[in-house]
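# Close look at the chain arrangement
So the chains spell out like this:
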Amino acid sequence: DGVQYVGVNAGWGGGIAHAGAVKPLPIPVSTPRLLVFRLGGTAKLPPLAASAALVRPPDTKADTATIAQGDALYAAHCAACHGQQARGGIKDLRLMSPETRAEFMDIVLAGKRRERGMASFAGVVSADETRAIEAYLLRRANQDWEGIAAGK
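### Considerations on unusual backbone geometry
- One non-glycine residue, Q85, adopts positive backbone phi at about 55°.
- Structurally, the position occupied by Q85 is in the loop between helix 2 (79–82) and helix 3 (98–102).
- Here Q85 falls in the partly exposed class, since its relative accessible area comes to 37%.
- The phi dihedral of A86 is positive, around 60°, even though this residue is not glycine.

### Let's talk about helix 1 (residues 64–77)
- Look at helix 1: 20 Å from first C-alpha to last across 14 residues, which is about the 20 Å you get at 1.5 Å a residue.
- Along helix 1, the residues classified as buried are I67, G70, L73 and Y74. Looking straight down helix 1, one finds its buried side chains confined to an arc of 125°; they lie on one side. Residues of helix 1 that are exposed and angled more than 90 degrees away from the buried face: T64, A65 and A76.
- Buried residues along helix 1 sit in contact with helix 2 and helix 5 (127–143).

### A word on the packing of aromatic side chains
- Enumeration according to the criterion identifies 1 aromatic pair in this entry.
- Taking the centre distance of 5.5 Å and the plane angle of 45° together, the rings of Y74 and Y136 count as tilted. Of this pair, Y74 sits in helix 1 while Y136 sits in helix 5; the two residues are 62 residues apart in sequence, bridging distant segments of the chain.
- A residue is classified by how much of its surface remains accessible, and Y74, at 1% relative accessible area, is buried.

### Some details on the side chain of T60
- Structurally, T60 can be placed in the loop between strand 2 (33–38) and helix 1.
- Separated by 3.0 Å, the side chain of T60 and the backbone nitrogen of A62 make a polar contact.
- Once residues within four sequence positions are removed from consideration, T60 is found in contact with I67, A135, L138 and R139.

### As for helix 5
- An ideal rise of 1.5 Å per residue puts 24 Å on 17 residues; helix 5 measures up with 24 Å between its terminal C-alpha atoms.
- Here helix 5 has its buried residues at T130, A132, I133, E134, A135, Y136, L137, L138, R140, A141 and N142.
- Packing partners of the buried residues in helix 5 comprise helix 1, helix 3, helix 4 (104–110) and helix 6 (145–149).

### Digging into the state of the cysteines
- What the rule picks out here adds up to 0 disulfides.
- Considering cysteine sulfurs only, C81 is the nearest to C78, which forms no disulfide, with 8.8 Å between them.
- The exposure class of C81 is partly exposed, given its relative accessible area of 36%.

Analysis parameters
- Residues numbered from 1 in each chain as written.
- Predicted model: local features only at pLDDT ≥ 70, side-chain atom pairs only at ≥ 80, totals over all residues.
- Heavy atoms only, no water.
- Helix = DSSP H or I, 4+ residues; strand = E, 2+ residues; numbered from the N terminus.
- Buried < 20%, exposed > 50% of the residue type's maximum accessible area, 1.4 Å probe, protein only.
- Expected span 1.5 Å × (residues − 1).
- Arc of directions from axis to C-beta.
- Contact = heavy atoms within 4.5 Å.
- Phe/Tyr/Trp six-rings, centres within 6.5 Å; stacked < 30°, edge-to-face > 60°.
- Polar contact = N/O pair within 3.5 Å; in protein donor to acceptor, adjacent residues only side chain to side chain.
- Disulfide = S-S within 2.5 Å.

Bear in mind that shape data such as this cannot, by itself, settle questions of function.
See the structure below:
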């Protein structure tokens, strides 16, 4: 009816999260949202929804070799979607809630989040390898926690 709109998918992620060669970027991670502007409109943007409080995970008790194995497995199987060095991507795995961490094995191996886009990796990684990836993610979260808490 003669009204024009411009839509913008805003927030970090998009195609850059899928580029395997992309290094971690020093940019803040924000909740993505679709912004649609009516040309000549005067409405104000609604506020962002409140995000869940960050909960620092306990650090892993895994040995250095297990964490190194988890790092290599993460790079091979997870980084394409979840970001290099577990920073950013489709879902920043350093920011898993305690509930998600408790379900990690079922998510990775049993496909518990298949309907949300996280396929099962059973047959790709073993249970021990999945635990190594989890140990790596716990270490990453704790190494990066000061920056995460500061919103960097």
